[in-house]
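A closer look at the structure
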Amino acid sequence: MSSPRIQDLESQPWAGRTRRYDIIKEGTIALLVVTLLTIAASMFFGSPDEKQLTFKSWAVTAPADFYQTAAHEIAGSSESAGYGAPYNSASDGVNVGPLHLAKIFGVSHPVNSVNDFVVTPLSTQVNTPEVSAALKTWNVSDLKMQQGWASKYDDALTKANGDQAKIPAGALADFGPVPAMIGGLLTMAQSGSLDAVLLSQGNYFQFDNTKQTLFMGDGNYFNDQSTASHLQGDTWGMMNETGRYPGQAWLWLYSFWYQIPPFNNGDQHPFGANADAYIMVIMGLLSAGLVFMPFIPGIRSLPRRIPIHRLIWKQYYKQENL
Amino acid sequence: MSNSEKELWTAKLRGAWQRNLPIEKLLPDTQPAYVASWIYTFGVLTLSSLGVIIASGVVLAFEGPSWYHVSNVGHFVNSLHFWSVQFFFIFMVIHLWGKFWMAAWRGRRMATWMTGGIAFVASIATAFTGYLVQTNFDSQWISFEAKDGFNSVGVGAWFTVTNLGQMLLLHVAFLPLILGVLTILHVLLVRAKGVVPPIDAFDTEKKAKGARK
Ligand code: HEM
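Bear in mind the structure is a predicted one, so any value in this text is a computation, not a measurement.

Cut-offs applied
Residues numbered from 1 in each chain as written. Chains lettered and ligands numbered in written order. Predicted model: local features only at pLDDT ≥ 70, side-chain atom pairs only at ≥ 80, totals over all residues. Heavy atoms only, no water. Axes fitted to C-alpha atoms, helices over the stretch in contact; angles between N-to-C directions. Helix = DSSP H or I, 4+ residues; strand = E, 2+ residues; numbered from the N terminus. Left-handed = near helix turned anticlockwise from the far one by under 90°. Contact = heavy atoms within 4.5 Å. Nonpolar A, V, L, I, M, F, W, Y, C, P; charged D, E, K, R; others polar. Buried area = accessible area lost by both parts, 1.4 Å probe. Salt bridge = Lys/Arg side-chain N within 4 Å of Asp/Glu carboxyl O. Donors = N, O, S within 2.8 Å, 3.2 Å for Na, K, Ca; no water. Tetrahedral: all angles 85-135°; square planar, octahedral: opposite > 155°, others 65-115°.

1. A closer look at the packing of helix H12 (residues 252-259) of chain A against helix H13 (residues 275-291) of chain A
Residues and elements named next belong to chain A.
- The geometry of H12 relative to H13 is characterised by a closest axis approach of 10 Å and an angle of 145° between their N-to-C directions. The interaxial crossing formed by H12 with H13 has right-handed handedness. Within the contact between the two elements, H12 uses Leu253, Tyr254, Trp257 and Tyr258 and H13 uses Ala275, Asp276, Ile279, Met280, Ile282, Met283 and Leu286.
- Grouping the constituent residues of the contact of H12 with H13 by class yields 10 nonpolar, no polar and 1 charged.

Below is the structure:
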């Protein structure tokens, strides 16, 4: 940094040569230019608006994927069921060294995948006799029974690659009411009522889409659509938009870390597996670095060392023979 | 001014304001001769983009978040909002780099740089919540992905990207307010301090005397 004396001089009102300058006129012209630019871009390019996905579109176009995801939910083997804080305490979540920031505020947004995604929605419906009976059996059974049926069915379905028809008929007795319940949920989703029930959660007003987002994120349908739209995190997805539109390009530095080792390898410990947390911390530090740049030795003297200012103030340096 | 008057907080504030930012500084009709580069236009271009963003955003807010999906006029206003944000960021980033290479924090102008830097971060947060309230496939996906980042450091407990109501309120009320206040402070600081002189303008005793006359 320059000496205090120079700092003083640089902070005093300028007493050298001046020139006429109309600040209001400049501002008005700038506003006009930007307005016209914006109107032109909007007319030529428009803006993206790819239709939202629904549980109905999922269950209708990819019923097997929906069915298998529902089996994961009731068996507690889905990603969201094992997420940890802030949704449940199934796991510790990620950490930064000894810091488990992820669970510092505990389970602030409880989500129970079995009840919230399967049992409660089904209970809001007038079901077929088969589904009604299955639900009744489920509700009067203890947790151990429920978990036993659900896990066995989830495993069998996974082994059969999600194809119910390939599960041996003889095994059906092991699954209790589970297949009928999932079948009921699929019908419900196909009719469109699961969308409404998951959102409303028994309320009139509702603003929170957490449960829908978690459930939908557990399946392949949502993920496949995002891959097709090049929105996945490992392909700079954070800063992309659907279609051929610019996204949040200013997130490039944040996205960047996800593309390089060790952060792009989820199996690498400790960094790759905890990439989300490490990258947040890195970006927090870098943002603080931007704000406090004038105080960082070395970096704050770069502008003096690399003389781009010579170009910016070319005219001035020439006139003053500096 | 009598002694008792000097003790009034109001009088003190008025005095400080008049000393630091008299109307001649706020609305000057001359500038130092060195203010002669296209780089100086990017601050006011950023400010103008923010104006277009707010104007188009107010229209979108009055019509409600679903309007643009079903109305052609709505979609056009959405496009205006979308593109003014893109321009805003392009201009701001050029502005930022320009000010960096000018080391424009010199001469006790650190607060100007810092309010700008915080405004940059606040702009990213505001734009991010904007992408979350698009209520289309993109916003579904962004909320699903981004929740992991915020949850990983515990922030997810307070800043819930999957809660559309919360994101909408932050996007149209809280964050623009913060950004607006930061921008006003930033611009007032620039006016109060005057535009930073070129690097080495005061490199010699002689030069310094010359400049001060
Ligand atoms: C909301 C976004 C911003 C707006 C609307 C804005 C607006 C302005 C305007 C109108 C000026 C005076 C004209 C000029 O020199 O270009 C200015 C100056 C300045 N800006 Fe910004 N700015 C923003 C963001 C930033 C950022 C991100 C930084 C850097 C981190 C920054 C650093 C500065 C500095 C240091 C000056 C003083 C320059 C001097 O004394 O010559 N600004 N800004």
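2. Considering the interface of chain B and chain A
- Taken together, the contact pairs 98 residues of chain B with 105 residues of chain A.
- When chain B packs against chain A, close to 9100 Å² is buried across both sides, 66% of that on carbon and sulfur atoms.
- Together, Trp101(B), Phe137(B) and Trp141(B) form the three largest contributors to the area buried by chain B at its contact with chain A, with a combined 9%.
- Summed over the shared surface of chain B and chain A, the number is 3 salt bridges.
- Here Arg106(B) makes a salt bridge to Glu10(A), at a shortest N to O gap of 2.7 Å.

3. A closer look at the coordination of the iron atom of the ligand
Residue and element names in this part refer to chain B.
- At 2.0 Å from the iron atom of the ligand lie its protein donor atoms, namely His95 (NE2) and His186 (NE2).
- Relative to the metal, the 6 donor atoms surrounding the iron atom of the ligand lie at angles of 84 to 179°, and the coordination shape comes out octahedral. Taken as a pair, His95 in helix H6 (residues 72-101) and His186 in helix H9 (residues 164-193) lie far apart in primary sequence, 91 residues in all.

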